[in-house]
Structure formats: C-alpha cells, structure tokens
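# Observations on the three-dimensional arrangement
These are the residues of each chain, in order.
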Amino acid sequence: MFASHTDTNEMLKAILKSIDEGIHVVNNNGVTIYYNEIAAEHDGLKAEEVIGRPLLEVFPSLSTESSTMLTVIETGNPIFNQHQSYRNVKGKLIDTINTTIPIVVKGKVLGAVEIAKDYSRIKQLSDKLIDLQTKIDRRQQKAVAVKDDDAHYYFNDIITSDSHMLKLIEKAKKVAKTSSPVFVYGETGTGKELLVQSIHHASAITHGPFISQNCAAIPATLLESTLFGTIKGSFTGSENREGLFELAHGGTLFLDEIHTLPYDLQAKLLRVLEDGVIRRVGSNKSFKTNVRILVATNEKPETLLQKETLRKDLYYRLNVVSLAIPPLRERKGDLEALIYSFIEFFNKEFGKNVKGIDQKAFHLIRSYDWPGNIRELRHCIESAMNLVESDYIQEEDLPNNLNISIPEKKNAFSPSLSSKESLKEVLATVEMNLIKEKLSETNGNVKEAAKGLKIPRQTLQYKISKYEL
Ligand SMILES: Nc1ncnc2c1ncn2[C@@H]1O[C@H](COP(=O)(O)OP(=O)(O)OP(=O)(O)O)[C@@H](O)[C@H]1O
Ligand SMILES: [Mg+2]
C-alpha cells in the first residue's frame, strides 16, 4: 500500500529531522525552502530567520559567485566535499565539509541542496596536533636534548642478529647519508618507526626536525591543509598556518601509511617530490622546501598497487630505495635477545630481578607466529613480568593466546596433543589456523578464501564469527 501524499511529506520531514548533518535547500530563485536545526546551529541562526528568504539577504557576505548553492543552480553540476571554514554570526568558528547537489526534475534545475558535515572538532584536533608538532620541532631545534627520550631511536636500538635484518640495516645506514626518499614496508609492529627514526638520526640532517605523520590518522579532507598549510582567508576564517612540509624544512618528513593518502593528493605529493616546491592551500605563492621524505606502509606494495590505493607513479618515485622488514616469524633467531632485552627493561621499570625465561615457556614463544610482531612480543613479556613469581618466566605467566599458534607449514597436519588439550581443541585450533592463513593469503576476501578451502562461503562466514577472526 502506498502512503498518501501528506504521509510521505511527514515521513520525509521526520527523516530529514533525524539526520545529524546540516541540510539546506534553496529553490532556483535562491530562496531557502528547507533548513534543518543542525544547519541553523552551524550558522548560529534560527530556522525562521532563513526559511522563505533569499540566501544573499540572509548571508550578506556571500555573492552569486561565492555561494556554492547558487553556483550549483547556475552550472547544474554538483560540488563534492568542499571544506568551508567560517565564523558564524555568534563568532563561533565552524568547519564543515559540504556537498552541494542540484535538484533536477525532468531535466530542469529546480534548486539545490547542501549537506554539511561538522568537522570543527576534528579540525581543532588536527590543528592542535600541528601546534604540538611545531613545539616539539622547536624544542628539537633548540637542542638535541631529546637524546635521552626513549621515543627517539638510533640504529643501535635495533636488536637483531638475523642476516636479512643485518643486511637491511647496512643498506639503511648507507641510504641515510643521501637525500633520496625511502620506502619502508613491514607488517605491524616490525619496527618501521624504529628504522625510520634511525635513518633520520644517522643522516646529515640529524639536527633538523623529524616530523612524523600517520596519514590514516587525519580525515582525508584535512590532509592537504595539514601537509601544505593554509593562508589567512583561503576559506573564511582560516589562519596562516604552516603545513608539515614547512615544519620539516631542513629535516625529515615521515609519512606513515602513505597508501591512505587520497589519490589526488598522492599526485600532488609526487610533484613536490620532483621539485620540492610547495604552495599553501589557497595561496598562489610557492616556495621551495628542503625536506627528506621517508614513507612506510604495513601492506605489501604489490597489493597496494593492485588495489590501486597507491599510485604507480608515486610508488616508483618513492621506491628509489626500499626496505622490507621481515616479520618476526621469519627471524625467530632474534627471539631470545629481544626477550632478554625486554626482561631487562621491565626489571628496571617494575623493580624486579627476573633472570630469564624457562625453557618450556621459551618453546611456547618459539612455536607462536607473532602476527603483531615485536610489539606483541614486548606486550607479552610485559604481561608475564607482571605475573612472574620465580626467577624465570614460566609457561603459566604467558598470555593464553600463545597456545593458538599457526602450526609451521611442515607439520601443519601433524599437530601433537599436549597434556592440557583435548582432540576437539586441537582440531579447532588447526581449523582456525588454516582459515586465518587462507584469509591472509586472500587479503581478507571471504569468497576467495572459501574457494581455496573448498567450503561454502556461508560456512566460512559462520566459522569466522565463531572463532572471532
Ligand atoms: N629490532 C627491534 N629491537 C628492539 N625493539 C624493537 C625492534 N623492532 C621493534 N621494536 C619495538 O617494537 C615496538 C613496535 O615498533 P614500531 O613502532 O617501530 O613498529 P611499526 O612497524 O612502526 O608498527 P606499526 O605498523 O603498528 O606502526 C616498539 O616498542 C619498538 O621499540
Ligand atoms: Mg609505526
């Protein structure tokens, strides 16, 4: 049954009211015909002051050219995700991301609708972040007094005796002396931050700033102004603000999770890499910066190129030198030294005097495959150091999940029963591990993984939720 016209109208109104984004609709004469409470809140106005009145009369600072809604009515083309920053009539600074769409009926533009997402809080946070980085940067420039700060790593801090790692460090030490960009790939917790900071500290610009930004930590729409800065008035209310490139001038800019940078911004970054010239958002003045770029990802570059989340041209430019850090499961020879260094660290931290790790417990650690790599190992030892009562860490001091390890390939189908486990538990573990393995091979694609495991997709879906994978 169809609802009557009035019912539909009421329903539409109720739906529009429940959306927590500002919605503003004007007709093709530029008169507001709908304006919800959120939009009124943004502008610091009452709906009655806006509805039924021409837009340019209510917002005298706007003109036919600068108003996005009037532009959309004029051109018939939508404008997506435009950042607007302005002070409302009450003096409150509002940052919104707006999408403006023409309302087209039977080929005629009858008006426009603007949807505004409030970004003020996130914008405040990202501005604070930049301010904080400016302060840190200044502190760093004043004196290299941060040497005792354990957030600052040097090559000597990298614990390893693995031949691949040693070769990688040798290569990293050589490239540290040059100004080429470096592309670091490693699973989560493998020590990318450690390596990148070590490169900075071994470089000629070690006394320059080291600015690190995780591209995934800032909304895509704010990344450009974060990287390149803004000038006063480039949006109403925007300030003169340095971007990270300017902050990193004479030093290193580390862009982590580079593949989360929007595609068009990747193109801009490529241009900056070519000539070092940057331009603040909204400015037509450009200037040259001298910044060494280091980037990292925790997904394989080949996968990122295939998925088209990383531009090929940017990758080839960044990949002048690439360093792939092997996961911990491929360098289990490093386990012992890492464990002992963490024990030493937490002995000091907790005022304990633990001497080492018992053999059975070490065996358990060795047979686990450490998906969270060295960070996970560090947490594991920290947790054990809280519980340990004897001189040596025991099996029962270790977190329970270490029992659920992916069996090494060669004995994947010949698991053995420990005294604690039942046949059912071992079979469940084997099943879970095979599923995990297949899911990681297919990058989480359930359909592909089900095909590989030769089970229906629904069965796999059920098992994924059963094992909370
Ligand atoms: N070879 C190593 N020797 C000593 N400590 C290490 C080593 N590698 C990593 N760590 C420690 O492991 C933790 C994680 O390292 P880091 O933050 O560099 O990893 P990451 O690869 O940047 O991880 P993510 O992808 O999650 O950002 C840190 O506490 C770091 O000090
Ligand atoms: Mg990191």
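Keep in mind that what you see is a predicted model, and the values were worked out from it rather than measured. Each chain carries its own residue numbering, running from 1 in the direction its sequence is written. Each chain takes a letter, starting from A, and each ligand takes a number, starting from 1, following the order in which they are written. Two thresholds apply to this predicted model, a pLDDT of at least 70 for residue-level local features and 80 or more for giving and counting side-chain atom pairs, whereas whole-chain, interface and lining totals are computed over all residues.

## Observations regarding the overall build of the protein chain
To be explicit about the condition: The secondary structure listing takes helices from DSSP runs of H or I that are at least 4 residues long and strands from runs of E that are at least 2 residues long, numbered from the N terminus. With C-beta atoms placed from the backbone, a residue is labelled by how many other C-beta atoms lie within 10 Å of its own: buried for 20 or more, exposed for 12 or fewer, partly exposed between the two.
Within the protein chain one finds 19 helices and 14 strands. Here the protein chain holds 469 residues, and the buried ones make up 29% of them.

## Focus: the sheet that holds strand β1 (residues 22–27)
Keep this limit in mind: Paired strands, in this sense, are two strands between which DSSP finds at least two bridges. Inter-axis angles, ranging from 0 to 180 degrees, are taken between N-to-C directions of lines fitted to C-alpha atoms, where helices are fitted over the stretch in contact.
Within the open sheet, the 5 strands sit side by side as β2-β1-β5-β4-β3. Their pairing is antiparallel. Two strands in the sheet have a free side with no partner beyond their single neighbour: β2 (32–35) and β3 (79–87). Ignoring which end each strand starts from, the neighbouring axes of this sheet average 25° apart. Here β1 pairs with β2 via 3 bridges, running antiparallel.

## Notes on the site of ligand 1
To keep it simple, the criterion reads: We call a residue near a molecule or strand when the C-beta position, derived from backbone atoms, sits within 6 Å of it. Residue classes follow a fixed rule: Ala, Val, Leu, Ile, Met, Phe, Trp, Tyr, Cys and Pro count as nonpolar, while Asp, Glu, Lys and Arg count as charged, and any other residue, Gly among them, counts as polar.
With respect to spatial proximity, 16 residues lie near ligand 1, and among them Ile159, Gly191, Lys192, Glu193 and Ile374 are the closest. Those elements giving two or more residues to the shell around ligand 1 turn out to be α8 (192–201) and α16 (373–387). When its residues are assigned to classes, the shell around ligand 1 shows 5 nonpolar, 7 polar and 4 charged.

## Some points on helix α17 (residues 423–441)
Two residues of an α-helix separated by three or four positions point the same way, owing to the 3.6 residues in each turn. Stated precisely, the cut-off is as follows: To estimate the expected span of a helix, count its residues, drop one, and scale the result by 1.5 Å.
In a regular helix each residue adds 1.5 Å, so 19 residues correspond to 27 Å; α17 covers 27 Å between its end C-alpha atoms and thus fits that length. Remark: Asn443 follows α17 within two positions and exhibits a positive phi of approximately 55°.

## Regarding the packing of helix α7 (residues 163–176) against α8
As a reminder of what qualifies: Angle categories are assigned with fixed cut-offs, so that under 35 degrees is roughly parallel, over 145 is roughly antiparallel, 65 to 115 is roughly perpendicular, and the rest are oblique. By convention, the crossing between two helices is left-handed when the near helix turns anticlockwise from the far helix through less than a right angle, and right-handed when the turn is clockwise. Contact between two residues is assigned when their C-beta atoms, built from the backbone, lie within 7 Å.
Where α7 contacts α8, the axes come no closer than 8 Å and their chain directions differ by 40°. In terms of orientation, α7 and α8 fall into the oblique class. For the pair α7 and α8, the sense of crossing is right-handed. Along the contact surface, α7 presents Ala172, Val175 and Ala176, while α8 presents Leu195, Ser198 and Ile199.

## Overview of helix α5 (residues 68–75)
As a reminder of what qualifies: Throughout, the arc means the angular range of directions from the helix axis out to the C-beta atoms.
Listed as buried for α5 are Met69, Leu70, Val72 and Ile73. For α5, the buried positions fall inside an angular range of 160° around the axis, keeping them on one side. Each element contacted by the buried residues of α5 is listed here: β1, α4 (55–58), β3, β4 (93–105) and β5 (108–118). Following α5 by one or two positions, Gly76 adopts a phi angle in the positive range, close to 75°.

## Things to note about unusual backbone geometry
Not every positive phi belongs to a glycine, and Asn81 is a case in point at roughly 45°. Topologically, Asn81 is positioned in strand β3. What makes Asn81 exposed here is the crowd of 11 C-beta atoms within 10 Å. Phi angles above zero are rare outside glycine, and Asn443 is one such case at about 55°.

## Observations regarding the nonpolar core
As a reminder, the rule being used: For our purposes the nonpolar core covers buried Ala, Val, Leu, Ile, Met, Phe, Trp, Tyr and Cys residues that link as a set through C-beta atoms within 7 Å.
Ranked by size, the top nonpolar core spans 41 residues in total, and within it Val184, Ile199, Phe245, Leu253, Leu294 and Val295 carry the most contacts. Judged by nonpolar contacts, the second largest core, of 19 residues, contains Leu328, Ile357, Trp370 and Ile374.

## As for the pairing of β5
Taken residue by residue, a regular strand's side chains alternate between the two faces of the sheet. Sheet topology places β1 next to β5; 6 bridges connect them, and they run antiparallel. When the sheet's bridge partners are listed, Ile23 is paired in β5 with Ile115. Relative to β5, β4 is paired through 10 bridges, and the arrangement is antiparallel. Residue pairing for β5: Thr99 is matched across the bridge by Ile115. Counted between consecutive antiparallel strands, the loop separating β4 from β5 contains 2 residues, among which Lys106 sits at a positive phi close to 50°.

## What to know about the sheet that holds strand β11 (residues 292–297)
Taken together, the 5 strands give an open sheet; going across it, the order is β7-β8-β11-β6-β12, and neighbouring strands pair in parallel fashion. Taken across any chain shown, the strands that pair with only one partner, and hence form the sheet edges, are β7 (210–214) and β12 (321–324). Between one strand axis and the next, the sheet turns by 15° as a mean value, whatever way the strands run. Sheet analysis places strand β8 (residues 252–256) next to β11, joined by 5 bridges and oriented parallel. The partner of Phe254 across the bridge, within β11, is Leu294.

## Here we look at the environment of Leu247
Relative to the helices and strands, Leu247 is located in helix α10 (residues 244–247). Under the C-beta neighbour-count criterion, Leu247 is labelled buried, with 22 such atoms within 10 Å. Each C-alpha atom, one on Leu247 and one on Thr289, is 9.7 Å from the other, the two residues being 42 residues apart in sequence.

## Some details on the environment of Gly243
For Gly243, the position within the fold is in the loop between α9 (220–228) and α10. Judged by C-beta crowding, with 22 C-beta atoms within 10 Å, Gly243 ranks as buried. Not counting chain neighbours up to four residues away, the residues in contact with Gly243 comprise Ser225, Thr226, Leu227, Phe228, Gly229 and Arg280.

## Digging into the confidence of the model for the protein chain
The condition is simple: Each residue carries a pLDDT score, the predictor's own confidence in it, on a scale running from 0 to 100.
Per-chain confidence: the protein chain averages 84 in pLDDT, with 87% of residues scoring 70 or above. Between residues 141–151, whose pLDDT stays under 50, and residues either more than four places distant or in other chains, the model counts 5 contacts. This model gives residues 405–414 a pLDDT under 50, and the stretch forms 11 contacts once residues within four places in sequence are excluded.

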